[in-house]
Amino acid sequence: MASSESKMAEKSIDGVASLRGAGVLITGAAGAIGSATAKLFAERGARLALVDRDVGALQGVEAELYNASANHKSFSVDLLDDAELEALPRRVLEEFGEIDVFVSSAGIEMVSYLNAMSVQEIDTQLAMHLRIPILLSKFFLPSMLERRGGHIVIVSSMQGKLPTGGKAPYAAAKAGSIGFANSLRRELEGSGVAVSAVMPGFVSGAGQGVRGIEGSSVKLEEIGGSVTPEQCGAAILKCIDQKLPEMMVVRGNPKVMVASNAIWPRYADRLLKRIGAFDFWARIAREKGRD
């Protein structure tokens, strides 16, 4: 790692941020987006701190990264346990080193009407998708500010931009995470630390959304398909390379619908109904008896 200047301050000839030797921490590293993103960082020569509570899945990601000759270390952590959460930054510093890039991609999928959720389920959604990204950003930010370089990437969701039924606490947390990223980005203007929000739509493969529709008759094709974990990872790298404030990762161009939702919500309702997305998750919740 660089001493007085962060690796993130380096630039290659083509203007892409140099990640070789940079310390990158990824939460949810054993998940679909986290593992795909880790591989892309490894290809760029980054050092990886992989955080997840699934030890077996983490070992699988490590095995793949060995083939990429990545310099990495895994940390088995239950982020919902405050003691483990608060101990993580110290563990990482002592066992791995400084963090230049923090990618918050840990998440929990839950499809349910609000009145069928327990208080614990609501708290878990809000903690995992909002409280934990905020706290970890706070924990890793001081050293980035001291070195005047770094990047925080919050993996949010299109549910934070275009919420649908059946995921109210999740959508609230994801909308909050987008607001957090934008506010922190403006707060840190001129500090050398950048902040981005990445908002995937439905992610294929072993993603949370795929698990969410399992056991229902609802088909992914009804809402126009999905994006891949690799596309999400590429978006994260693009945000770092170009210091983008935010990036949506979906099939097609969602800008008109997002703008409509902000300006004229009832018109956005009609558009969502037309493409089959308005009650997509609510239908799944009903089929699973979570209404």
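First things first, this report covers the structure right here in the doc.

What counts, and at which threshold
- Residues numbered from 1 in each chain as written.
- Predicted model: local features only at pLDDT ≥ 70, side-chain atom pairs only at ≥ 80, totals over all residues.
- Heavy atoms only, no water.
- Helix = DSSP H or I, 4+ residues; strand = E, 2+ residues; numbered from the N terminus.
- Buried < 20%, exposed > 50% of the residue type's maximum accessible area, 1.4 Å probe, protein only.
- Contact = heavy atoms within 4.5 Å.
- Areas by Shrake-Rupley, 256 points an atom, 1.4 Å probe, with all protein chains shown as cover.
- Pairing = 2+ DSSP bridges.
- Axes fitted to C-alpha atoms, helices over the stretch in contact; angles between N-to-C directions.
- Parallel < 35°, antiparallel > 145°, perpendicular 65-115°, else oblique.
- Nonpolar A, V, L, I, M, F, W, Y, C, P; charged D, E, K, R; others polar.
- 1 Å grid on protein atoms, 1.4 Å probe; cavity = no way out; pocket = protein on both sides within 12 Å on 5 of 7 lines; lining within 4 Å.
- Points joined across faces, edges and corners; volume = space filled by probe spheres on them.
- Right-handed = clockwise from strand over helix to strand, strands pointing away.
- Expected span 1.5 Å × (residues − 1).

### Considerations on the overall build of the chain
- A count of helices and strands for the chain gives 10 helices and 7 strands.
- In the chain, buried positions account for 51% of the 291 residues.
- Residue pairs in contact within the chain that sit at least 24 positions apart in sequence constitute 70% of those at least 6 positions apart.
- Carbon and sulfur atoms make up 52% of the accessible area of the chain, which totals about 13100 Å².

### Some thoughts on the sheet that holds strand β3 (residues 71-76)
- Taken in spatial order, the 7 strands make up an open sheet running β3-β2-β1-β4-β5-β6-β7, and their pairing is parallel. Strand pairing shows two members of the sheet lacking a second neighbour, β3 and β7 (246-249), which therefore form its edges. Each adjacent strand pair in this sheet contributes to an overall mean axis angle of 15°, direction not counted.
- Pairing analysis gives 6 bridges linking strand β5 (residues 150-155) to strand β6 (residues 193-200), with the strands arranged parallel. Considered in β6, the bridge of glycine 150 is made with valine 193.
- Sheet strands in contact with helix α7 (residues 229-242) are β4 (101-104), β5, β6 and β7, and its direction is about 165° off that of β7.

### Quick notes on the packing of helix α8 (residues 255-263) against helix α9 (residues 265-274)
- At a minimum axis distance of 6 Å, the contact between α8 and α9 shows a crossing angle of 140°. The angle between the axes of α8 and α9 places the two elements in the oblique class. Of α9, the residues touching α8 (which contributes Met257, Ser260, Asn261 and Ile263) are Pro265, Tyr267, Ala268, Leu271 and Leu272.
- A breakdown of the residues in the contact of α8 with α9 according to their chemical character gives 7 nonpolar, 2 polar and no charged.

### Notes on the layout of surface pockets
- Taken as a whole, the second largest pocket encloses approximately 180 Å³ of empty space.
- For the second largest pocket, the lining is made up of 14 residues, of which Glu189, Val193, Ala194, Val195 and Lys243 are closest to its centre.
- Considering each element in turn, the lining of the second largest pocket owes the most residues, 4 residues, to β6.
- Its residues assigned to classes, the lining of the second largest pocket shows 6 nonpolar, 5 polar and 3 charged.

### A look at the pairing of strand β1 (residues 23-27)
- Buried residues dominate β1, accounting for 5 of its 5 residues.
- Taking every second residue as pointing to the same face, both faces of β1 are buried, with Gly23, Leu25 and Thr27 on one and Val24 and Ile26 on the other.
- Bridge count between β1 and strand β2 (residues 47-52): 5 bridges; the pairing is parallel. Paired with glycine 23 across the bridge in β2 is arginine 47.
- For the segment spanning β1, helix α1 (residues 32-43) and β2, crossover handedness is right-handed.
- In terms of strand pairing, β1 meets β4 through 4 bridges, oriented parallel. Bridged to leucine 25 within β4 is phenylalanine 102.

### Remarks on helix α5 (residues 168-187)
- Taking 1.5 Å per residue as the helical rise, α5 with its 20 residues ought to reach 28 Å, and the 28 Å between its terminal C-alpha atoms agrees with that figure.
- Among the residues making up α5, those that are buried are Pro169, Tyr170, Ala171, Ala173, Lys174, Ser177, Ile178, Phe180, Ala181, Asn182 and Leu184.
- Tucked inside the fold, the buried residues of α5 contact α4 (119-147), β5, β6 and β7.

### Quick word on empty space enclosed by the protein
- Inspection of the entire model under this criterion finds 1 cavity of 30 Å³ or more.
- The calculated volume of the largest cavity comes to roughly 30 Å³.
- Forming the boundary of the largest cavity are Ser104, Ala106, Met128, His129, Pro133, Ile154, Val155, Lys174 and Ser177.
- Contributing elements (two or more residues each) for the lining of the largest cavity: α4, β5 and α5.
- If you tally residues by element for the lining of the largest cavity, the top one is α4, at 3 residues.
- Its residues placed into classes, the lining of the largest cavity shows 5 nonpolar, 3 polar and 1 charged.

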